[in-house]
Protein chains: 2
Amino acid sequence: MTSKAILGTIQRMDNNSKLSTQPYKGVRDFYPKDMSVLQQIFNVMRKSVEKFGYLEYNASPIEPSSIYQAKSGDEIANEQTYNFLDKAGRNISLRPEMTPTIARMIAGRDQKISLPIRWYSIPNVFRYENPQRGRLREHYQLNVDIFGGEPEIANAEILMVVHEIMTGFGASTTDFAIKINDRTILADIYKKFEVPKEKIKDVSRLLDKKEKVSKTIFDEALESLVGSEISKPLAEILSSPEFIIETLGIDNPGIKNVIGLIEKLENYGVTNLIFEPTLVRGFDYYNSFVFEVFDTDSENRRSLFGGGRYDSLTGLFSNEEIPAVGFGMGDVVLQDFLKTHNILPESLTPADLSIISVDQNSYDDVYLVARKIREFGLNVDIDISNKKVGAQIKRSVSNSIPFALFIGEEEIRNKKYNLKDLRTQEEKQLNLEEIVEVVKNSK
Amino acid sequence: MTSKAILGTIQRMDNNSKLSTQPYKGVRDFYPKDMSVLQQIFNVMRKSVEKFGYLEYNASPIEPSSIYQAKSGDEIANEQTYNFLDKAGRNISLRPEMTPTIARMIAGRDQKISLPIRWYSIPNVFRYENPQRGRLREHYQLNVDIFGGEPEIANAEILMVVHEIMTGFGASTTDFAIKINDRTILADIYKKFEVPKEKIKDVSRLLDKKEKVSKTIFDEALESLVGSEISKPLAEILSSPEFIIETLGIDNPGIKNVIGLIEKLENYGVTNLIFEPTLVRGFDYYNSFVFEVFDTDSENRRSLFGGGRYDSLTGLFSNEEIPAVGFGMGDVVLQDFLKTHNILPESLTPADLSIISVDQNSYDDVYLVARKIREFGLNVDIDISNKKVGAQIKRSVSNSIPFALFIGEEEIRNKKYNLKDLRTQEEKQLNLEEIVEVVKNSK
């Protein structure tokens, strides 16, 4: 009654038009087949990080804007973030990333929680940008972080976790590689080449985009920033790890850090690390170690995700600066990678069998039979459409349910039911215990 | 370096003050101990509904506001919803409930998805209200819905699912009861008593709040709405199911619906249903069957959650009106209920053991040992703090990790390690295979 009235009003209001069935621009609907794939991706993530003892945390997607605007001048905080005023005049944002949230929570934690802290989360994060391949306005992002602990050990562990997750998805170590760098190396290079302090941020931003532009454009941009006297030797040095090591020496702390990491990971059996001296990563808070995982596929050689060390972020919230390292792995780019390499999980259905009711008066008994089968640990779908048997079978097949069980008055009297394997078309008359056994054995 | 600079700016800006570590007003931070409880609650929900073959779906919390404003005049859509303009001038909302979203998705689905459709989701939903016990600005809400199928069977199944979930949490059927009603009964009563059409909505709203006000206030409010000639007999009739049945007769469709439900559920073994003729439930879109689960605890006799039948909501989005029934079960009120009845799940830790490094030069070897133990399917935490052994043990205990494994240079040479059960203080020297066996057997 009431909803009919509403519908009437709406129809008059909108000139008989209907509301769109599309979601908001740039976000996704997860129909069950997509949701099953996503949940399986989350399961691989959870299983991989829990092997290392990481504990799950979460928070609201609504955060005070101040925790992002702290990084003032940043493109992410200002232009790409959903910033709103609430009704009480508070500046609130939909989180564009999780790191400020975990820093807030770690700073505010119960002091009985002692270091090292290993936490993970799979939040949805929001970016106000024009949707394109691999970039949407909302995606899920696995966040893995270690607070405290020996920094070089924590850095190495983070890369082991990356390796565990990627191979957990079935990727081989030739499918991806990990670029690593230490930002202090760049700082030392800037110092050596006397790059003016006020230009450093722009030079770093340019380096961050190096892969996306041609060499000519890069060189021109660098020259316009620092002049050709600096830009030419600088570009040459930055083109090769060997030149960097020659210039700064093997005892440079950043270089020692990078080489140490490569050795530690080799010792652990991970050999797909590459020293990339121009690697910067977007976030301002990274202060030394940074890394980026990329797809080695020659046709799709692009960045998948990355992370780094941020030792001062908790200092925004408390006087205690807790050293930290971590990364964020987005689901959209990951799903593209898994598809490219044919390792995207297939969608699953929870139902082990579907009961097809052959006469409509039997539903009360059908539910009792279903309850018994469920007590044996199986998941049972019941078709309550009252449609013809053929239509009911079609629905079970389209839902990828492996078995159909036919029940009518006669079957209920005899306690024998026809079980059909919808994949092989094999059909057998069985009692309940036998049905449970056949279905369980086929799993 | 960079983050130090930021920190400096912020400190100057805010007169050396720090940002708050508190979350936004009315939302929760989930520290790992809380998150573990929440995940276990979600697991009970998932397991219970998947027994019945429900498929999980999800969508973005950002929705076009139009899908809520359709129910214009509704307090939820207008005053209690986070409504914003995006930068392109679109009206967007943070979803206050999931039903309009599922109706949108069902209306827009691939037509190969045939009825009945059983879907569930555990979205976070947002309400702009002043936080109080059981009511926050964001909570998680299990949504369970059936689209299509025989309506009376679907209604009954929804109550079976409710029963499955509640008992899945360990609640006994005396801990809760389910009030049921059919809104068409009320419509028939209004007709019989000639309640003016323009007063019906207000009378229904008053009934919805009946439990929250005294009898005197209720009677006065009803009288002021419809006058004493109608209000007195109406209040009397509404006070008892027997009077309702007497007045409308046993063949009234709504009454038959309610009695049929009670019989079906009794047949299934569920006997805690109560016919409550004044039950309305807040949402305008419910058109017949409604229900509400409540805590029977005499000190906390309050509504836990509810649902009902909404047969026209997909009509907002398409010409096909698909009959539907479902409910939403919020986590905050549920957690209060589980606490009251001492059945709140305890928090768990993923790590099966923590490696305590007795000298700092062994970390490379420690990680190799950990890798081997992980290959046996155990989750291994490593303390990389370089602190004294006592402090490392304290950390493991406070993280509820059951075992500590002590590793130094000597242990690595001998391939024998001390394993300590942190609950019993028992300590044994074992090789890797023995360690795995002991830890697995203690699970």
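The coordinates are above.
Here is a short report on the structure shown in this document. (Residues numbered from 1 in each chain as written. Chains lettered and ligands numbered in written order. Predicted model: local features only at pLDDT ≥ 70, side-chain atom pairs only at ≥ 80, totals over all residues. Heavy atoms only, no water.)

**Observations regarding the overall build of chain A**
Selection rule: Helix numbers and strand numbers start at the N terminus; a helix is a DSSP run of H or I with at least 4 residues, a strand a run of E with at least 2. Our radius of gyration looks at C-alpha atoms and nothing else; its globule reference is 2.2 Å times the residue count to the power 0.38. Here the term buried applies to any residue with accessible area under 20% of the maximum for its type, exposed to any over 50%, and partly exposed to those in between, with areas from a 1.4 Å probe on protein chains only. Contact definition: two residues touch when any of their heavy atoms are within 4.5 Å. For the accessible areas, the method is Shrake-Rupley and the probe is 1.4 Å, while residue cover comes only from the protein chains on display.
The secondary structure content of chain A amounts to 17 helices and 17 strands. Computed over C-alpha atoms, the radius of gyration of chain A comes to 28 Å, more than 25% over the 22 Å expected from 2.2 N^0.38 for 443 residues, which places it beyond the range of a compact globule. Here the C-alpha coordinates of chain A stretch approximately 90 × 60 × 50 Å along the principal axes. A total of 443 residues make up chain A; the buried ones form 59% of that total. For chain A, long-range pairs separated by at least 24 residues make up 67% of all intrachain contacts whose partners lie at least 6 apart in sequence. Surface summary for chain A: the accessible area is close to 18500 Å², and the carbon and sulfur share equals 48%.

**Observations concerning the interface of chain A and chain B**
Interface size is often expressed as the accessible area that is lost when the parts come together. Note the threshold: Here the quantity called buried area is the accessible surface, traced with a 1.4 Å probe, that two parts lose on coming together, added over both. For salt bridges, the criterion is a side-chain nitrogen of Lys or Arg within 4 Å of an Asp or Glu carboxyl oxygen. For this analysis, a polar contact is any N or O atom pair within 3.5 Å, provided that within protein one partner can donate a hydrogen and the other can accept it, and provided that sequence-adjacent residues contribute only side-chain to side-chain pairs.
Each partner contributes to the interface: chain A provides 117 residues, whereas chain B provides 117 residues. Summing the contributions of chain A and of chain B, the shared interface buries around 9900 Å²; its carbon and sulfur component is 59%. Summed over the shared surface of chain A and chain B, the number is six salt bridges. One salt bridge connects B:Lys264 with A:Asp364, and the closest N-O pair in it is separated by 3.0 Å. For the pair chain A and chain B, the interface holds 52 residue pairs in polar contact (both at pLDDT 80 or more).

**Brief notes about the nonpolar core**
Using the following cut-off: We define the nonpolar core as a collection of buried residues of types Ala, Val, Leu, Ile, Met, Phe, Trp, Tyr and Cys that are connected through side-chain atoms lying within 4.5 Å of one another.
Within the largest apolar cluster, 97 residues are counted, with the highest numbers of intra-cluster contacts made by B:Leu142, B:Phe291, B:Phe327 and B:Met329. At 10 residues, the largest contribution of residues to this core is made by helix H6 (residues 151–168) of chain B. Once residues lying within four places of it in the same chain are set aside, the contact partners of B:Met329 are B:Met45, B:Tyr140, B:Gln141, B:Leu142, B:Ile165, B:Met166, B:Phe169, B:Phe305 and B:Leu334. Grouped together as the second largest cluster of nonpolar side chains are 95 residues, A:Ile41, A:Phe176, A:Phe289 and B:Ile382 included.

**Description of unusual backbone geometry**
Going from A:Leu115 to A:Pro116, the amide bond is cis rather than trans, its omega being -5°. Looking at the secondary structure, you find A:Pro116 in the loop between helix H5 (99–107) and strand E5 (117–121). One non-glycine residue, B:Asn386, adopts positive backbone phi at about 65°. With respect to the helices and strands, B:Asn386 occurs in the loop between strand E14 (380–383) and helix H15 (389–398). Of the residues examined, B:Asn386 reaches a relative accessible area of 29% and is grouped as partly exposed. The phi angle at B:Lys415 is positive, at roughly 55°, despite the residue not being glycine. Tracing the chain through its elements places B:Lys415 in the loop between helix H16 (409–414) and strand E16 (417–421).

**Quick look at the relation of the copies chain A and chain B**
Put simply, the rule reads: Residues reaching a pLDDT of at least 70 in both copies supply the C-alpha atoms on which the copies are superposed by least squares.
With an RMSD of 0.1 Å, chain A superimposes on chain B once it is rotated by 180° and translated 0.0 Å along the axis. Overall, the copies show the geometry of a two-fold rotation axis. Rotation axis and chain A: the residue whose C-alpha lies nearest the axis is A:Phe84, separated from it by 3.6 Å. Mapped onto chain B, 100% of the interface residues of chain A are again interface residues, and the two copies thus contact each other with one and the same surface.

**Quick word on the sheet that holds strand E4 (residues 91–94) of chain B**
All names here are of chain B. This is how it is decided: The rule for pairing is simple: two strands pair if DSSP sees at least two bridges between them. Helix axes are fitted only over the stretch in contact, all axes being lines through C-alpha atoms; the angle between N-to-C directions runs from 0 to 180 degrees.
Spatial strand order, E2-E4-E3: three strands in an open sheet with antiparallel pairing. Edge strands, defined here as strands with exactly one partner in the open sheet, are strand E2 (62–64) and strand E3 (82–85). Across the sheet, the mean angle separating the axes of adjacent strands is 35° when strand polarity is ignored. Relative to E4, E3 runs antiparallel, the two sharing four bridges. Looking across to E4, one finds that Phe-84 is bridged to Ile-92.

**A few points about the pairing of strand E13 (residues 353–357) of chain A**
The two faces of a sheet get side chains in turn, since along a regular strand they alternate between them. Residues and elements named next belong to chain A. To keep it simple, the criterion reads: Handedness of a crossover: with both strands directed away from the viewer, a clockwise path from the first strand across the helix to the second marks it as right-handed.
Buried residues dominate E13, accounting for five of its five residues. Judged by which residues are buried, E13 turns out to be covered on both faces: Leu-353, Ile-355 and Ser-357 on one side and Ser-354 and Ile-356 on the other are all buried. Strand direction decides the pairing type here: E13 and strand E14 (residues 380–383), joined by four bridges, are parallel. Bridge assignment links Ser-354 to a residue of E14, and that residue is Asp-381. In this view, the connection linking E13 to its parallel neighbour E14 by way of helix H14 (residues 363–375) has right-handed handedness. As paired elements, E13 and strand E15 (residues 403–407) share five bridges and run parallel to each other. What sits directly across from Ile-355, in E15, is Leu-405.

**What about helix H8 (residues 200–208) of chain B?**
Residues and elements named next belong to chain B. What counts is decided by this rule: Taken from the helix axis, the directions to the C-beta atoms give the arc we talk about.
Within H8, burial applies to Ile-200, Val-203, Ser-204, Leu-206 and Leu-207. For H8, the angular spread of the buried residues around the axis is 160°, confining them to a single face. Elements that come into contact with the buried residues of H8 comprise helix H7 (183–192), helix H9 (215–226) and helix H10 (228–238).

**Details of the pattern of salt bridges**
For the coordinates displayed, the defined rule picks out 46 salt bridges over all chains. A:Arg395 is the partner of A:Asp383 in a salt bridge, and the nearest nitrogen-oxygen pair spans 3.8 Å. Placement of A:Asp383 in strand E14 and of A:Arg395 in helix H15 (residues 389–398) is noted, with a sequence separation of 12 residues between them. Here B:Asp336 makes a salt bridge to B:Arg302, at a shortest N to O gap of 3.2 Å.

**Structural notes on the sheet that holds strand E3 (residues 82–85) of chain A**
Residue and element names in this part refer to chain A. Across the sheet, which stays open at both edges, the three strands sit in the order E2-E4-E3 with antiparallel pairing between neighbours. Every other strand in the sheet has two partners, leaving strand E2 (62–64) and E3 as the edge strands with one partner each. Between one strand axis and the next, the sheet turns by 35° as a mean value, whatever way the strands run. Where E2 meets strand E4 (residues 91–94), three bridges bridge the pair, whose relative direction is antiparallel. Looking at the pairing, Pro-64 lines up with Ile-92 of E4.

**Section: the packing of aromatic side chains**
Rules: Aromatic pairs are defined between Phe, Tyr and Trp rings, using the six-membered ring for Trp, whenever the two ring centres lie within 6.5 Å; interplanar angles under 30 degrees are classed as stacked, those over 60 as edge-to-face, and all others as tilted. By the criterion adopted, a ring carries a charge over it if an Arg CZ or a Lys NZ lies within 6 Å of its centre and within 35 degrees of its normal.
With the rule as written, the count across this model stands at 25 aromatic pairs over all chains. Grouped by ring-pair contacts, the aromatic residues A:Tyr82, A:Phe84, A:Tyr128, B:Tyr82, B:Phe84 and B:Tyr128 constitute a single cluster. Just above the ring of B:Tyr268 sits the side chain of A:Arg371; from NZ or CZ to the centre is 4.9 Å. Above the plane of the ring of B:Phe52 lies A:Arg374, whose end atom (NZ or CZ) is 3.7 Å from the centre.

Note that all results are geometric; they support no functional claim without further evidence.
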